[in-house]
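Chain residues, written in single-letter form:
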Amino acid sequence: MLKDFSISALMMGLLTAFVGFISSFAVIMQGLQAMGASAPEIASALLAQSVAMGVLAVVFSSWFRMPISIAWSTPGAALLSGISAIEGGFPAVVGAFVVCGALIILSGLFRPLGRAIRMIPAPLANAMLAGILLSLCLAPVKAVAFNPALGLPIVLTWMVVVSRWRLWAVPAALGALVLVLIFGVELPPDVFTQIGAAIHPDLTFINPVFTWHGIVSVGIPLFIVTMASQNIPGIAILKVHHYEPPPGVLFAGTGIFSILGGLVGGVPVNMAAITAAMCASEDAHPDPNKRYWAAIVGGFGYIGLGLVAGGIIAFVSLAPPILLQAVAGLGLVAAFSSAAFAAYKEPDTREAAAITFLVTASGTSFAGISGAFWGLVAGGVMLGLRHFLHASKR
C-alpha cells in the first residue's frame, strides 16, 4: 500500500481537505445556529463530523483501494437554515438527525428504499434543493445592504476569484471576512485568549428527543436532500472515473457515522461529489489504481481541521452574523445555479418544478411541517395530474 503513495496524491489530498472544510463549514455553522445550537454544541458537531469524514475516507479508501471522499451534507445544512428552530428545540433536531442516519442505513441495506429515493423525479428534487438554497444565497446582497464597507469586500473578492480560480473562491471570501474582522470590526482586547481557550472543543452529548414534527420537518427532507444531492451523485462521479464502488456498504457506513455524529449535534455525513471528483482526477495520480491515497490524505486533513474547529468558530463568531451568512451564501451559489438549471431544463416538468421551488422557498410550514416537504408533495401532485390528464386524452 505504501508503494502507491505519491507527492501528487499528498498535495491533492491536502487541497481536498482544505477546500472541503473551508468552503462549507460556514454553511454548517449557520444551519446549526438556525436550529438553536449553542457555540459549544456547534464546535462539538464540527469536531465529530470532521473526524467521521476523515475516518470513513481513510477506512473506505484503504479497504476498496478507490478514492472515496466523504463530506458533510452542505445542502442539508442549508435546509436547516431555511426551516429554523422547531418544537422541542435542538434535542428534537438531534432526534431528526438520528432518524435521518437510520434511513440512510436502510437505503444501503434495503435496496427497495434506495430505489424509491432514486425514483423521485430529478427536476423536483433539484427544485426543492434550489428553494432550500435561495434564502442563504440572498445573504450576500443583504450583507452589502447591511454595511457596504464590510459586505462589499467579501462579495467582490469572491466575484474576482470565482472568475478565474473557482475552487479558491469561497476560501478567498473567507479570507476577506477575516481581514474585514481585523480591520473593520472592533475586536475585544482578549480575542486571542478566547480563541486559545476554544481551540480544542469537547464533544457534547445531546440526548435526542424524537418528535413527529422533527422527523417530518427535518429528518425526512434531510434524508432526501442528502441522498439526492450527495450520496447518489457521489457514487455516479466515481463511476464516471471508472470505479465500481459498493453503494450499499458505503451508504450503511455513512449512516452509522451520521447517527454517532448526530448524537453530538452533527448533520449527516455522506459521499462527496466535488471533492470526490478532485481525488479521482488525473491530478491526484496518472494511475487510477493509486489515486486512493489522495482520499486517505484528505481524510487525515479533515481530522486535523476538526481538532481546531473550536478556535475557528470562536474567531468567525466575532463577525456580525450577516457576514458569516454571506460567506455561506457565496459558497452555495454554484449549487443553487446547478439545481435551478436541472430543475427547469425539461419543459414537461417545468411547472411542477416551479411549484416545488416556490412552496419550498416560501419557508412556510403547514400543520407544523416544513415547506421543503410540502414543496416536494405539491410538485408531485402537479406532475401526477399532468401525466393523468395526458393519459386520459389518448
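The preceding data block contains the structure.
If you're wondering where the values come from, they're calculated on a predicted model, not measured in any experiment.

Colleague: Honestly, the overall build of the chain in this entry has me stumped. Any pointers?
Modeller: The helix and strand inventory of the chain stands at 19 helices and two strands. Relative to a compact globule of 394 residues, whose C-alpha radius of gyration would be 21 Å, the chain shows 20 Å and is just as compact. In terms of its C-alpha atoms, the chain occupies a principal-axis envelope of roughly 70 × 55 × 45 Å. Relative to its 394 residues, the chain shows a buried fraction of 53%. Here the contacts in the chain between residues at least 6 apart in sequence split such that 83% fall between residues at least 24 apart. Here the chain displays about 16500 Å² of accessible surface, and carbon together with sulfur accounts for 70% of that area. Charged side chains of the chain number 16 positive and 13 negative; the gap between the two group centres comes to 14 Å.

Colleague: I'm lost on the pattern of salt bridges in this one. Help?
Modeller: Side chains carrying opposite charge are able to pair once their charged atoms draw close together. Applying the stated rule across the entire model yields two salt bridges. Lys3 is the partner of Asp4 in a salt bridge, and the nearest nitrogen-oxygen pair spans 3.6 Å. Assessed through its relative accessible area of 8%, Asp4 is described here as buried. You can call Lys3 exposed: its relative accessible area is 68%. The shortest N-O distance in the salt bridge between Arg386 and Asp348 comes to 3.4 Å. Linking Arg386 in helix 19 (residues 371–393) with Asp348 in the loop between helix 17 (333–344) and helix 18 (350–362), this pair joins segments that are 38 residues apart in sequence. Arg386 gets classed as partly exposed once you look at its relative accessible area, which sits at 26%. The exposed category is assigned to Asp348, whose relative accessible area is 51%.

Colleague: Sorry if this is basic, but what is going on with the environment of Ser6 here?
Modeller: Mapping Ser6 onto the fold places it in the segment before helix 1 (7–34). Here the alpha-carbon distance between Ser6 and Ala284, two residues 278 residues apart in the chain, equals 8.6 Å. Once residues lying within four places of it in the same chain are set aside, the contact partners of Ser6 are Ala284 and His285. Side chain to side chain, Ser6 and Ser8 meet in a polar contact 3.2 Å long. Of note is the side chain of Ser6, whose polar atom sits 3.2 Å from the backbone nitrogen of Ala9.

Colleague: Is there a simple way to think about the packing of aromatic side chains in this case?
Modeller: Each aromatic ring pair is specified by the distance between its two centres and by the angle formed by the two planes. For the structure shown, the criterion picks out five aromatic pairs. Residues Phe60 and Phe64 carry aromatic rings whose centres are separated by 6.2 Å and whose planes lie at 35° to one another, so their mutual orientation is tilted. Here the residue Phe60 and the residue Phe64 both occupy positions in helix 2 (residues 39–64), the gap between them amounting to four residues, near one helical turn. Judged by relative accessible area, Phe60 falls into the buried class, the value being 5%. Between Trp63 and Phe64, the ring centres sit 4.6 Å apart and the planes meet at 20°, which makes this aromatic pair stacked. On the basis of relative accessible area, Trp63 is assigned to the exposed category, the value being 57%. Taken together, Phe5, Tyr292 and Trp293 form an aromatic cluster joined through their ring pairs.

Colleague: Explain helix 17 here, please?
Modeller: Given 3.6 residues per helical turn, the α-helix brings residues three or four places apart onto the same face. Over its 12 residues, helix 17 extends 17 Å from the first C-alpha to the last, a length consistent with the 16 Å expected when each residue adds 1.5 Å. Of all the residues in helix 17, the buried ones are Ala339, Ala340 and Ala343. Here the buried residues of helix 17 occupy an arc of 100° about the axis, which is enough to place them on one side. Lining the buried residues of helix 17 we find helix 6 (122–137) and helix 18.

Colleague: When you look at the nonpolar core in this model, what are you seeing that I'm missing?
Modeller: Proteins that are soluble and globular tend to have nonpolar side chains buried together. Counting 103 residues, the largest nonpolar core has Leu32, Leu46, Ile68, Ile70, Ile154 and Leu323 as its most contacted members. Counting 12 residues, the second-largest nonpolar core is a separate cluster that includes Ala9, Met12, Val58 and Val297.

Colleague: What is the right way to look at the packing of helix 3 (residues 74–83) against helix 6 in this model?
Modeller: Two quantities define a packed helix pair, namely the angle between the helix axes and the distance between the axes. Where helix 3 contacts helix 6, the two axes come as close as 8 Å, and the packing angle between them is 65°. With respect to helix 6, the axis of helix 3 lies roughly perpendicular. Remark: the crossing between helix 3 and helix 6 carries left-handed chirality. Contacts between helix 3 and helix 6 involve Pro75, Ala78, Leu79, Ser81 and Gly82 from the former and Leu129, Ile132, Leu133, Ser135 and Leu136 from the latter.

Colleague: Looking at this structure, I do not really get the side chain of Asp4. What am I missing?
Modeller: Position of Asp4 relative to the elements: it lies in the segment before helix 1. In this structure the side chain of Asp4 is engaged in a polar contact, spanning 2.7 Å, whose partner is the side chain of Tyr292.

Cut-offs applied
Note on numbering: residues in each chain are counted from 1, in written sequence order. For this predicted model, a pLDDT threshold of at least 70 governs which residues receive local features, and a threshold of 80 or more governs which side-chain atom pairs are given and counted, while totals over whole chains, interfaces and linings are taken from all residues. The side-chain numbers reported here are obtained from all heavy atoms of the structure, hydrogens and water having been left aside. Put simply, DSSP H or I for four residues or longer makes a helix, DSSP E for two residues or longer makes a strand, and each gets a number counted from the N terminus. The quantity called the radius of gyration is restricted to C-alpha atoms. Its globule counterpart is 2.2 Å times the number of residues to the power 0.38. Partly exposed residues are those whose accessible area sits between 20% and 50% of the maximum for their type, while under 20% is buried and over 50% is exposed, using a 1.4 Å probe and protein chains only. When checking whether two residues touch, look at their non-hydrogen atoms; a contact exists if any pair is within 4.5 Å. Only the protein chains shown count as cover for residues, and all accessible areas are computed by the Shrake-Rupley method using a 1.4 Å probe. In this tally Asp and Glu are treated as negative and Lys and Arg as positive; neither His nor the chain ends contributes. Charge positions are represented by NZ for Lys, CZ for Arg, CG for Asp and CD for Glu. Here, a salt bridge means any side-chain nitrogen of Lys or Arg that lies within 4 Å of a carboxyl oxygen of Asp or Glu. Counting of polar contacts relies on pairs of N or O atoms within 3.5 Å, with two restrictions inside protein: one atom must be capable of donating a hydrogen and the other of accepting it, and residues adjacent in sequence are counted only when both atoms are side-chain atoms. Any Phe, Tyr or Trp ring, taking Trp's six-membered ring, that has another such ring centre within 6.5 Å forms a pair; planes under 30 degrees apart are called stacked, those over 60 apart edge-to-face, and the others tilted. Each helix should span, by expectation, one fewer than its residue count multiplied by 1.5 Å. When we speak of the arc, we mean the arc of directions from the helix axis to the C-beta atoms. Here, nonpolar core refers to any group of buried Ala, Val, Leu, Ile, Met, Phe, Trp, Tyr and Cys residues whose side-chain atoms link them within 4.5 Å. For helices, the fitted line uses only the C-alpha atoms of the stretch in contact; every axis is such a line through C-alpha atoms, and the angle between N-to-C directions lies from 0 to 180 degrees. Angles are sorted into four bins: roughly parallel if under 35 degrees, roughly antiparallel if over 145, roughly perpendicular if 65 to 115, and oblique for all others. When the near helix sits turned anticlockwise from the far one by under a right angle, the crossing is termed left-handed; a clockwise turn instead gives a right-handed crossing.

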